[in-house]
Amino acid sequence: MAEVSLRSSVNAMSFYEKHGFVATGPESEFNGIRFVPMTLRVV
């Protein structure tokens, strides 16, 4: 099984959730940009 991980902008979370991604951590900020880590497990 493989995984695809990314850092989603807060505004794009619903897009990724519709495609099977799940949040794997809390909202964070880096250089003023808010993001949420997300992962998709690929079978």
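Quick note: structure is the one above.
These figures come from a predicted structure and were not determined experimentally.

Scoring rules and cut-offs
Residues numbered from 1 in each chain as written. Predicted model: local features only at pLDDT ≥ 70, side-chain atom pairs only at ≥ 80, totals over all residues. Heavy atoms only, no water. Salt bridge = Lys/Arg side-chain N within 4 Å of Asp/Glu carboxyl O. Helix = DSSP H or I, 4+ residues; strand = E, 2+ residues; numbered from the N terminus. Buried < 20%, exposed > 50% of the residue type's maximum accessible area, 1.4 Å probe, protein only. Polar contact = N/O pair within 3.5 Å; in protein donor to acceptor, adjacent residues only side chain to side chain.

**What about the pattern of salt bridges?**
In this structure the tally under the stated criterion is two salt bridges. In this structure, Arg 41 and Glu 3 form a salt bridge, with 3.1 Å as the shortest nitrogen-oxygen distance. Of this pair, Arg 41 sits in strand β4 (residues 33-42) while Glu 3 sits in strand β1 (residues 2-9); the two residues are 38 residues apart in sequence, bridging distant segments of the chain. Taking relative accessible area as the criterion, Arg 41 reaches 59% and is therefore assigned exposed. Note that Glu 27 and Arg 34 form a salt bridge whose closest N and O atoms lie 2.7 Å from each other. We classify Glu 27 as partly exposed; its relative accessible area is 45%.

**Remarks on the side chain of Thr 39**
Residue placement: Thr 39 occurs in strand β4. There is a polar contact of 3.4 Å between the side chain of Thr 39 and the side chain of Ser 5.

It is worth stressing that arrangement in space is one thing and function is another; only the former is reported here.
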